[in-house]
Amino acid sequence: MSCSFASNNTTAMIHDNAVASQAIPRTNGIAKQGEPAPVAQPPQRTLPDICYELRGKIDAFLTEDITNDNVLRNVQSQIRVSIGVIEEALRQYGLDHLSLSYNGGKDCLVLLILILACLPTCISPPTSSGSVVAAPSEIPTPPSQPPTSEPVESAHSFHTNKSLQSIYIVSRHPFTEVEEFVERTAQEYNLDLKRYALPMRPALEAYLLDRPAIRAIFLGTRRTDPHGEFLSHFNPTDAGWPQFMRIHPVIDWHYVEIWAFIRHLNIPFCDLYNRGFTSLGGVTDTRPNPALAVGEGASKFRPAYELRDDDEERLGRDS
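Residues numbered from 1 in each chain as written. Predicted model: local features only at pLDDT ≥ 70, side-chain atom pairs only at ≥ 80, totals over all residues. Heavy atoms only, no water.

So, about the overall build of the chain. The helix and strand tally for the chain stands at 6 helices and 8 strands. Starting at the N terminus and walking to the C terminus, you meet the elements of the chain as β-β-α-α-β-α-β-α-β-α-β-β-β-α. Burial analysis of the chain (319 residues in total) assigns 50% to the buried set. (Helix = DSSP H or I, 4+ residues; strand = E, 2+ residues; numbered from the N terminus. Buried < 20%, exposed > 50% of the residue type's maximum accessible area, 1.4 Å probe, protein only.)

This part is about the packing of helix α1 (residues 47–62) against helix α3 (residues 106–118). In contact at an axis separation of 7 Å, α1 and α3 are set at 105° when each is read in the N-to-C sense. Relative to α3, the element α1 is oriented roughly perpendicular. Contact residues: α1 offers L47, I50, C51, L54, R55 and I58, while α3 offers I113, L114, L116, A117 and C118. (Axes fitted to C-alpha atoms, helices over the stretch in contact; angles between N-to-C directions. Parallel < 35°, antiparallel > 145°, perpendicular 65-115°, else oblique. Contact = heavy atoms within 4.5 Å.)

This next bit is on the environment of P48. Mapping P48 onto the fold places it in helix α1. C-alpha separation for the pair P48 and P120, spaced 72 residues apart in sequence, amounts to 7.4 Å.

Nonpolar side chains tend to gather and get buried jointly when the protein is soluble and globular. Counting 67 residues, the largest nonpolar core has I79, L114, L116, I247 and F261 as the members making the most contacts within it. Residues within four places of L114 in sequence aside, it is in contact with I58, I79, S82, I83, I86, V250, W253 and F261. Grouped together as the second largest cluster of nonpolar side chains are 14 residues, L198, A203, I217 and F244 included. (Core = buried A, V, L, I, M, F, W, Y, C linked by side-chain atoms within 4.5 Å.)

Turning to the pairing of strand β5 (residues 191–196), a few remarks are in order. Here β5 lies mainly inside the structure; 5 of its 6 residues are buried. Note that strand β4 (residues 164–169) and β5 share 6 bridges and pair parallel. Considered in β5, the bridge of Y168 is made with R195. (Pairing = 2+ DSSP bridges.)

Backbone geometry places N190, a non-glycine residue, at a positive phi of 60°. Here N190 lies in the loop between α4 (176–188) and β5.

Once that is clear, we can look at the packing of aromatic side chains. A complete count under the given rule lists 8 aromatic pairs for this structure. Aromatic side chains F175 and F277 sit 5.4 Å apart centroid to centroid with 75° between the ring planes, which places their arrangement in the edge-to-face category. Linking F175 in the loop between β4 and α4 with F277 in the segment after α6 (255–264), this pair joins segments that are 102 residues apart in sequence. The pair F175 / F277 is uniform in exposure class, with both members buried. Summarising the aromatic geometry, the rings of W259 and Y273 are spaced 5.1 Å apart at their centres and angled 80° between planes, so their arrangement reads as edge-to-face. On the criterion of sequence distance, the pair formed by W259 in helix α6 and Y273 in the segment after α6 is long-range, its members being 14 residues apart. Overall, the relative accessible area of 2% leaves Y273 in the buried class. (Phe/Tyr/Trp six-rings, centres within 6.5 Å; stacked < 30°, edge-to-face > 60°.)

This paragraph deals with the confidence of the model for the chain. Here the chain averages 82 in pLDDT, while 74% of its residues score no lower than 70. Across residues 123–139, where pLDDT falls below 50, the model places 31 contacts with residues more than four positions away in sequence or in other chains. Note on residues 146–157: pLDDT under 50 across the span, and 25 contacts to partners over four residues away in sequence or across chains. (pLDDT = per-residue confidence, 0-100.)

What follows covers the pattern of salt bridges. Under the defined criterion, the tally for this structure stands at 16 salt bridges. The partner of E179 in a salt bridge is R195, with the nearest N and O atoms 2.3 Å apart. Here E179, found in helix α4, pairs with R195, found in strand β5; they are 16 residues apart in sequence, far enough to count as distant. Judged by relative accessible area, which is 23%, E179 ranks as partly exposed. Among the residues examined, R195 registers a relative accessible area of 8% and is labelled buried. When the shortest N-O distance is used, the salt bridge between R211 and D192 registers 3.2 Å. Within this pair, whereas R211 is found in the loop between α5 (200–210) and β6 (216–218), its partner D192 is found in strand β5, the two being separated by 19 residues in sequence. Via salt bridges that share partners, K106, D107, R222, D310 and E313 belong to a single interconnected network. (Salt bridge = Lys/Arg side-chain N within 4 Å of Asp/Glu carboxyl O.)

Below, the structure is given as structure tokens:
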């Protein structure tokens, strides 16, 4: 990732995430007539509620004794390293100066879950045998940064009305399924999501104008992604782009490990993955992965999580 000047008055589609409206009773998609008004829904869960629940899931997974599944054992190791990166970023920058690049894809979904799971203990991580934290020698350190003007917030003091700041850079021709999934999960995970229908560079420029406190952004980039080969866990943006620290906690995860994490923890994911899509772009440059085609004619496809080879992940992408 890398960023050009864009005005605050840009005509891009930009909006804050809104609370979902209450559902009307329906049968097979048709509103029922004469039904009583729907019962008021319980209030949306707070960020601490979400974070502690996810932390419990992660800790439980990391204490599982997995002796017959090499992939899941590797996922446990990957989690420890990634959480070390995330917690170092939280200590270095503080939650108010961090954001997540989120487009509803599998990689940033895993990253979102890991970030939220880190928040309860990002200042004083556990040191018991069940700790998720990497050993000190394994925790990467970002390049030296000037200190923030505000103290880094304690993980135990984040407020019930807090949200994780996030940016969604929309494809030129987005899938309806992706748009709906991003909207739904932004509500579910309490994201402070800003949406930009712009190319990446002006979108980032506009976002930093809207959120000038942001100093670092989490990205779900992996080693096999375009331009991902030589990235490390912490990389400043290139010259000519808006200046912030890029953080890549899942850079060394393999494709099968991403899916093993999602499925083992029962994390809901975008339905396009069930239809053979393995890497999500826009409707004009993305199709189901031919490596997952069933029989002749390529009209049916196996789900994305059945693909095994990193090198085949982007066979359904034109770019």
